[in-house]
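A closer look at the structure
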Amino acid sequence: MVRDVTLGQFYPGNSFIHRLDPRSKILLLIGYLVIIFCTFNYLSLSLVTIFTLFYILISGVSPKIYLKSLKVIIVIVLITSVLNLFYGTGEPIWQWGIISITMNGINRAVFVTIRIVCLILASSCLTFTTSPTDLTDAIESLLKPIAKIHFPVHEVAMMMTLALRFVPTLLEETDKIMQAQKARGADMDSGNIVTRVKAFIPILIPLFVSAFRRAYDVATAMECRCYHGGAGRTRMKVLHMTKRDAAAFAVVALMISGVIVCNMMFPAVM
Amino acid sequence: MEFISAQNVCFSYSEIEDGKKAVNAVDGVSLDIKKGEFVALLGHNGCGKSTMAKHFNAMLVPDSGKVYVDGDDTSDEDKTYDIRRKVGLVQQNPDNQLVASIVEEDVAFGPENLGVPPQEIRLRVDEALKAVDMYEYRKNAPFKLSGGQKQRIAIAGVLAMQTECIVLDEPTAMLDPNGRNEVMSTLIKLNKKKNMTVVLITHYMDEAVLADRVVVMDNGRILTQGKPEEVFSQVELLKKHRLDVPQATELAYKLRGCGVKIDRLPLTTEDCVSMLEEVLG
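Residue numbers here run from 1 along each chain, matching the order of that chain's written sequence. As a convention, the first chain written is A and the first ligand written is 1, with the rest following in written order. In view of the model being predicted, local features appear only for residues whose pLDDT reaches at least 70, and side-chain atom pairs are presented and counted only at 80 or more, with totals across whole chains, interfaces and linings using the full set of residues. Working from all heavy atoms in the structure, the side-chain values ignore hydrogens and water.

**Quick notes on the sheet that holds strand 2 (residues 26-34) of chain B**
All names here are of chain B. Selection criterion: Think of it this way: DSSP has to see at least two bridges between two strands before they count as a pair. Only DSSP runs of H or I with at least four residues qualify as helices, and only runs of E with at least two residues qualify as strands; both kinds are numbered from the N terminus onward. Contact criterion: two residues are considered in contact whenever any of their non-hydrogen atoms come within 4.5 Å of each other. Note on method: axes are straight lines fitted to C-alpha atoms, helices fitted across the in-contact stretch only, with angles between N-to-C directions ranging 0 to 180 degrees.
A sheet is described by the order of its strands in space; here four strands give the open sequence 2-1-4-5, paired in antiparallel fashion. The outermost strands of the open sheet, each flanked by one partner alone, are strand 2 and strand 5 (72-73). Bridging between strand 1 (residues 2-11) and strand 4 (residues 64-69) involves five bridges; their strand directions are antiparallel. Among the inter-strand pairings, Cys 10 is bridged to a residue of strand 4, identified as Ser 64. Packed onto the sheet, helix 1 (residues 49-56) meets strand 1, strand 2 and strand 4 and runs at close to 125° relative to strand 1.

This is the structure:
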């Protein structure tokens, strides 16, 4: 049961997006997220939407998986869009008591829905097409400038790598401890929420103890293999940008300028 | 020439408690290991064999006495990393010594720490994975592999650092018989073909039989040492210290006790079969 959880949810593949440098993917994602919130009329909004559909199609990951990632946030989307619907200003087009809907409210609701959906799809696209290790490598490389102000960039990246490495191991262990406690008669599936949370304590304590023991072993193993922090360390895989990345940057730049032009040429509805 | 030389090593984990002197985990051990030798360090739990293993690559430093690795004193902190790049240590739990979530990246961890250039790391990783027959699994996630495979990857991680000696602290204790065979045949191959010095710490007698030399420890001291046949012929001594002998030896020993004429105690099953054939005529 707990084994179904896949953190990061990486889907290996060989598409154009898979082969991009993870650093470019992160930078492009940031640019894209900013521009989503800078769409002020329907033309620029549809431009962003079309672009979103475009990269989903070329990412080589089934659209069904993207839909699954949207399922999780559907409640948030509904609540925010309904709230926005009633918060519009201007001439009401429909009124019932103190509740009124304006044109502005409808626009707000549509914009907010599409923006959140695009945001989730874009972030999913990054995690679907990039392996967790590539992601941490990219973060380490991008954060390198702030190492100058004594931010422990290498240490943070190493902690992320180790955490990701031990997610499946600890999940498996949780499963084992749960079975062991059930075999001794622990009841975890009945009672109200408080009793259930309490029933989880006999699982958490052994899990914590074992996690600390593992941490100690891992530290020994790392020391045995001459680990002494980031100084003087090399990497087997060196990240480098190619023409492919330049092309991706160009496409996104084109999209961004398209949005800016649309914003300037047509009146804003937001 | 001695590669590792331990001289009268004493070590205790705890400081003096309640006015009583703490018990020494290792109590005056002197041991020399030659280059290219396959040594098995044998003993039951708590006899100090794992503590000894950690002295060989400067993870622990003796309270008194000295350990030299290839001429370097392990208590010299400037030499610590030089020593660790010569002597690799593989631990018992295969899950707790793999660092990365992809096999080849884990094997690369050691050379990366040593600051080896990227192309060279690639070569070393491929070579190390081939040496332990795990090359085709290089892109896998370690948690999906069997215990024996994980332990072989841990060995590859040591090989990629191009160490001259590999110390293994009960590498097979958590493995099933298949995994145990995989690890043992890998070790024998490395010792014979690459002339790698191997120090195997174990409590399985059948594994110790495969070594060039067996060192038996008890209560932090060396009880006896020598070629496997010499050590295991001292059945009474081993039994007195609650240690087993290989099954084949045990059988022959008991037969001898019943009055059957046996001059030489066998060590392996094959040995035992031919011995029995001889006796039965």
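**A short note on unusual backbone geometry**
All names here are of chain B. Put simply, the rule is: Residue burial is assigned from relative accessible area. The probe radius is 1.4 Å, only protein chains are included, and a residue is buried under 20% of its type maximum, exposed over 50%, and partly exposed in between.
Positive phi outside glycine occurs at Asp 133, with the angle close to 60°. Assignment of secondary structure puts Asp 133 in the loop between helix 4 (118-131) and helix 5 (147-159). Asp 133 sits in the partly exposed class, given a relative accessible area of 47%. Positive phi, normally seen in glycine, also occurs at Asn 219, with a value near 55°. By secondary structure assignment, the location of Asn 219 is in the loop between strand 9 (213-218) and strand 10 (221-226).

**Some thoughts on the interface of chain B and chain A**
Keep this limit in mind: Accessible area that two parts lose when put together, with a 1.4 Å probe and added across both, is what the buried area reports. Here a salt bridge means any side-chain nitrogen of Lys or Arg lying within 4 Å of a carboxyl oxygen belonging to Asp or Glu. Counting of polar contacts relies on pairs of N or O atoms within 3.5 Å, with two restrictions inside protein: one atom must be capable of donating a hydrogen and the other of accepting it, and residues adjacent in sequence are counted only when both atoms are side-chain atoms. As a working rule, the residues Ala, Val, Leu, Ile, Met, Phe, Trp, Tyr, Cys and Pro are called nonpolar, Asp, Glu, Lys and Arg charged, and the rest polar, with Gly in that last group.
On the chain A side, the residues contacting the 37 residues of chain B number 27 residues. Buried surface at the junction of chain B and chain A, both sides included, amounts to about 3,000 Å², of which 56% is carbon and sulfur. Looking at the side of chain B facing chain A, the largest losses of area belong to Asn 96, Glu 112 and Asn 113 of chain B, adding up to 21% of the total buried there. Seen at the junction of chain B and chain A, the total is five salt bridges. Glu 223 of chain A is the partner of Arg 84 of chain B in a salt bridge, and the nearest nitrogen-oxygen pair spans 3.7 Å. Here chain B and chain A share 16 residue pairs in polar contact (both at pLDDT 80 or more) between them. For the side of chain B that touches chain A, the secondary-structure elements that each account for two or more residues are helix 2 (80-84), helix 3 (103-114) and helix 4 of chain B. If you tally residues by element for the side of chain B that touches chain A, the top one is helix 3 of chain B, at eleven residues. Grouping the constituent residues of the side of chain B that touches chain A by class yields 18 nonpolar, ten polar and nine charged.

**Digging into the layout of surface pockets**
One water molecule sets the probe size; rolling that probe over the atoms shows where empty space is left. Filter applied, for reference: Both site types are read off a 1 Å grid over the protein atoms alone. A 1.4 Å probe that fits but cannot get out defines a cavity, while an open set with protein on both sides within 12 Å along at least five of seven lines defines a pocket; lining residues have an atom within 4 Å of a point. Grid points are joined across faces, edges and corners, and a volume is the space filled by probe spheres set on the points.
Of the pockets and cavities examined, the largest pocket occupies roughly 1,400 Å³. In this structure, the largest pocket is lined by 46 residues; those nearest its centre are Phe 10, Ser 131, Pro 132 and Thr 133 of chain A together with Ile 102 of chain B. Elements that contribute at least two residues to the lining of the largest pocket include exactly helix 1 (22-36), helix 6 (132-143), helix 7 (153-183) and helix 10 (243-265) of chain A together with helix 3 of chain B. The leading source of residues in the lining of the largest pocket is helix 7 of chain A, at six residues. Grouping the amino acids of the lining of the largest pocket by side-chain chemistry returns 19 nonpolar, twelve polar and 15 charged. Here the second largest pocket is characterised by a volume of approximately 950 Å³.

**Re helix 9 (residues 201-224) of chain A**
Here is the rule: Under the convention used throughout, the expected extent of a helix is 1.5 Å for every residue step, that is, one less than its residue count.
Between the first and last C-alpha of helix 9 of chain A there are 35 Å, a value that for 24 residues agrees with the 34 Å anticipated at 1.5 Å per step. Of all the residues in helix 9 of chain A, the buried ones are Ile 203, Leu 207, Ser 210, Arg 214, Val 218, Thr 220, Ala 221, Met 222 and Cys 224 of chain A. Those residues of helix 9 of chain A hidden inside the fold are in contact with helix 7 and helix 8 (193-199) of chain A together with helix 1, helix 2, strand 6 (87-90) and helix 3 of chain B. Taken from the residues just after helix 9 of chain A, Cys 226 of chain A is the one with a positive phi, measuring 65°.

**Observations regarding the nonpolar core**
Quick reminder of the rule: Only buried Ala, Val, Leu, Ile, Met, Phe, Trp, Tyr and Cys residues count toward a nonpolar core, and they belong to the same one when joined by side-chain atoms within 4.5 Å.
The biggest cluster of nonpolar side chains holds 57 residues, and the ones touching the most others in it are Val 107, Ile 155, Leu 159, Ile 166, Leu 168, Leu 187 and Phe 232 of chain B. Counting residues per element, this core draws most heavily on helix 5 of chain B, which supplies six residues. With residues up to four places along the chain from it excluded, the contact list for Phe 232 of chain B reads Leu 42, Met 205, Ala 208, Val 209, Val 214, Leu 238, Asp 244, Val 245, Pro 246, Thr 249, Leu 265 and Leu 267 of chain B. Counting residues in hydrophobic clusters, the runner-up holds 31 residues, among them Leu 20, Leu 29, Val 48 and Met 255 of chain A.

**A short note on the confidence of the model for chain B**
Definition in use: The quantity called pLDDT is the predictor's confidence in a given residue, expressed from 0 to 100.
Summarising the model, chain B shows a mean pLDDT of 89, and 97% of its residues fall at 70 or more. Two numbers describe this predicted complex: its pTM, 0.81, and its ipTM, 0.85.

**Details of the side chain of Thr 172 of chain B**
Checked against the element boundaries, Thr 172 of chain B lands in the loop between strand 7 (165-169) and helix 6 (177-193). The class of Thr 172 of chain B is buried, set by a relative accessible area of 1%.

**A closer look at the sheet that holds strand 6 of chain B**
Residues and elements named next belong to chain B. One open sheet holds the six strands; their spatial order is 6-7-8-3-9-10, and the pairing between them is mixed. Strands with a single pairing partner mark the edges of an open sheet, and in this sheet they are strand 6 and strand 10. With direction set aside, neighbouring strand axes in the sheet form an average angle of 15°. Summarising the sheet, strand 6 and strand 7 pair through four bridges and their orientation is parallel. Bridged to Gly 88 within strand 7 is Ile 166. Across the sheet, helix 1 touches strand 3 (38-42), strand 6, strand 7, strand 8 (197-202) and strand 9, and the angle it forms with strand 8 is around 155°. Where helix 6 meets the sheet, it contacts strand 3, strand 7 and strand 8, and its direction lies at approximately 155° from that of strand 8.

**Here we look at the packing of aromatic side chains**
For any pair of aromatic rings, the description rests on two quantities: the centre-to-centre distance and the angle between the ring planes. For the record, the criterion: Note on ring pairs: Phe, Tyr and Trp rings are taken, using the six-membered ring of Trp, and paired if centres are within 6.5 Å. Classes follow the plane angle, with under 30 degrees stacked, over 60 edge-to-face and the rest tilted. Only when the NZ of Lys or the CZ of Arg is both within 6 Å of the ring centre and within 35 degrees of the ring normal is a charge said to sit over the ring.
Counted according to the given criterion, the structure contains nine aromatic pairs over all chains. Aromatic side chains Tyr 32 of chain A and Tyr 55 of chain A sit 5.6 Å apart centroid to centroid with 85° between the ring planes, which places their arrangement in the edge-to-face category. Remark: Tyr 55 of chain A occurs in helix 2 (residues 42-58) and Tyr 32 of chain A occurs in helix 1; sequence separation between them is 23 residues. Among the residues examined, Tyr 55 of chain A registers a relative accessible area of 8% and is labelled buried. On the basis of an interplanar angle of 40° and a centroid distance of 6.2 Å, the ring pair of Phe 51 of chain A and Phe 54 of chain A is categorised as tilted. Linking Phe 51 of chain A with Phe 54 of chain A, this pair stays in helix 2, spanning three residues, or about one helical turn. Each residue in the set Tyr 32, Phe 51, Phe 54 and Tyr 55 of chain A is aromatic and connected to the rest through ring pairs, giving one cluster. The ring of Phe 166 of chain A has Arg 165 of chain A lying over it, and the distance from NZ or CZ to the ring centre is 4.3 Å. Above the plane of the ring of Tyr 135 of chain B lies Lys 130 of chain B, whose end atom (NZ or CZ) is 4.6 Å from the centre.

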